[in-house]
Amino acid sequence: MAEISASLVKELRELTGLGMMECKKALAEAGGDLKKAEELLRIRSGAKASKVASRIAAEGVIGAWLSSDGKLGALVEVNCETDFVAKNEDLLAFAKALAEIVATKAPTDAAALSRIGDVESRRQALIQKINENISVRRIARMQASGQIALYLHGVKIGVLVDVEGPEELAKDLAMHIAFTKPQYLSKTEVPADVVAREREKEQTWRAQRDVLAGKLSALGCS
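Presented here is an overview of the structure given in this document. (Residues numbered from 1 in each chain as written. Predicted model: local features only at pLDDT ≥ 70, side-chain atom pairs only at ≥ 80, totals over all residues. Heavy atoms only, no water.)

1. Some thoughts on the layout of surface pockets
Cut-off, in case you're wondering: Method remark: on a 1 Å grid restricted to protein atoms, a set of points is classed as a cavity if a 1.4 Å probe fits but cannot get out and as a pocket if it is open with protein on both sides within 12 Å along at least five of seven lines; lining residues have an atom within 4 Å of a point. Grid points are joined across faces, edges and corners, and a volume is the space filled by probe spheres set on the points. A helix here means a DSSP run of H or I that spans at least four residues, while a strand means a run of E at least two residues long, and both kinds are numbered starting from the N terminus. Under the grouping applied here, Gly and all other residues not named as nonpolar or charged are polar, the nonpolar ones being Ala, Val, Leu, Ile, Met, Phe, Trp, Tyr, Cys and Pro and the charged ones Asp, Glu, Lys and Arg.
Estimates place the volume of the largest pocket at around 900 Å³. Around the largest pocket, the lining is made up of 31 residues, and of these Leu-75, Gly-158, Val-159, Leu-160 and Ile-177 lie nearest the centre. Among the secondary structure elements, those contributing two or more residues to the lining of the largest pocket are strand 1 (59-66), strand 2 (72-80), strand 3 (135-143), strand 5 (157-163) and helix 7 (167-180). For the lining of the largest pocket, the per-class residue count stands at 18 nonpolar, six polar and seven charged. If you add up the space inside the second largest pocket, you get close to 510 Å³.

What follows is the structure, encoded as structure tokens:
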């Protein structure tokens, strides 16, 4: 059996992002051949990814990237199975790296992103390392006409807003959007059925308020 040096294990870890013991075992099975060991781990990562693909990934993180001039930005939602893994540094780094790829390569959706470079192999390697289903759910890319403000609330909420105005205004708007989660930019974008439903709710609330006011008045309360 070929002797497996610490430097060889380190090199394989850097190539794959996997743990020391996994890399050492793969090198031993490959007789110390670095390329064979890397391929062996790639195959195992793919098999692991297929095995866990049916498991629900309802937790996750937002990866964000913003250019230094504030004119280009991107967000990526990466899902995992547990809140604990959502705090994992490797997952956070992966999401951030994906956001930069979205900004610079401009894929149309998450499926297109997975076909760029080594994105899919990196996802599979991360699944192999973390032992959870990991998926890229959705992406967003913004090219600014004004100035982009980026706001991240923890690791689960991300906002990009393009504002033609003061930087502080852009930041305040981004924070407000994260808090209120508005669905539309202006009243002209709101569908008629949504307007009608909200007006019906308001009428119901007003009627209930008037009934309560009448009861309080009958009791001598002002």
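2. Some words on the packing of helix 4 (residues 89-105) against helix 6 (residues 119-130)
So the rule is basically this: The axes used here are C-alpha line fits, helices contributing only the stretch in contact, and every angle between their N-to-C directions lies in the interval 0 to 180 degrees. Small angles under 35 degrees read as roughly parallel and large ones over 145 as roughly antiparallel, with 65 to 115 read as roughly perpendicular and the rest as oblique. Whether two residues touch is decided by their heavy atoms; if any such pair falls within 4.5 Å, the residues are in contact.
One can describe the packing of helix 4 onto helix 6 by two numbers: an axis separation of 11 Å at closest approach and a directional angle of 170°. Taken together, helix 4 and helix 6 sit at an angle that is classed as roughly antiparallel. On the side of helix 4, the interface is formed by Asp-90, Leu-91, Phe-94, Ala-97, Leu-98 and Ile-101, while helix 6 contributes Val-119, Arg-122, Arg-123, Leu-126, Lys-129 and Ile-130. Per-class residue counts for the contact of helix 4 with helix 6 are eight nonpolar, no polar and four charged.

3. Regarding the environment of Ser-135
In this fold, Ser-135 is placed in strand 3. For the pair formed by Ser-135 and Val-78, sequence separation is 57 residues and the distance between their alpha carbons is 5.7 Å. Every residue in contact with Ser-135, bar those within four places of it in the chain, is listed here: Ala-57, Glu-77, Val-78 and Asn-79.

4. Comments concerning the packing of helix 1 (residues 6-16) against helix 2 (residues 20-29)
Our working rule: For any helix crossing, the convention is left-handed if the near helix is rotated counterclockwise from the far helix by under a right angle, and right-handed if that rotation is clockwise.
At a closest axis distance of 9 Å, the pairing of helix 1 and helix 2 adopts a crossing angle of 110°. When the axis of helix 1 is compared with that of helix 2, the two are roughly perpendicular. In this structure, the crossing between helix 1 and helix 2 has a hand that is right-handed. The segment helix 1 lies against helix 2, with Leu-8, Val-9, Leu-12, Arg-13 and Thr-16 engaging Met-20, Cys-23, Lys-24, Ala-26 and Leu-27.

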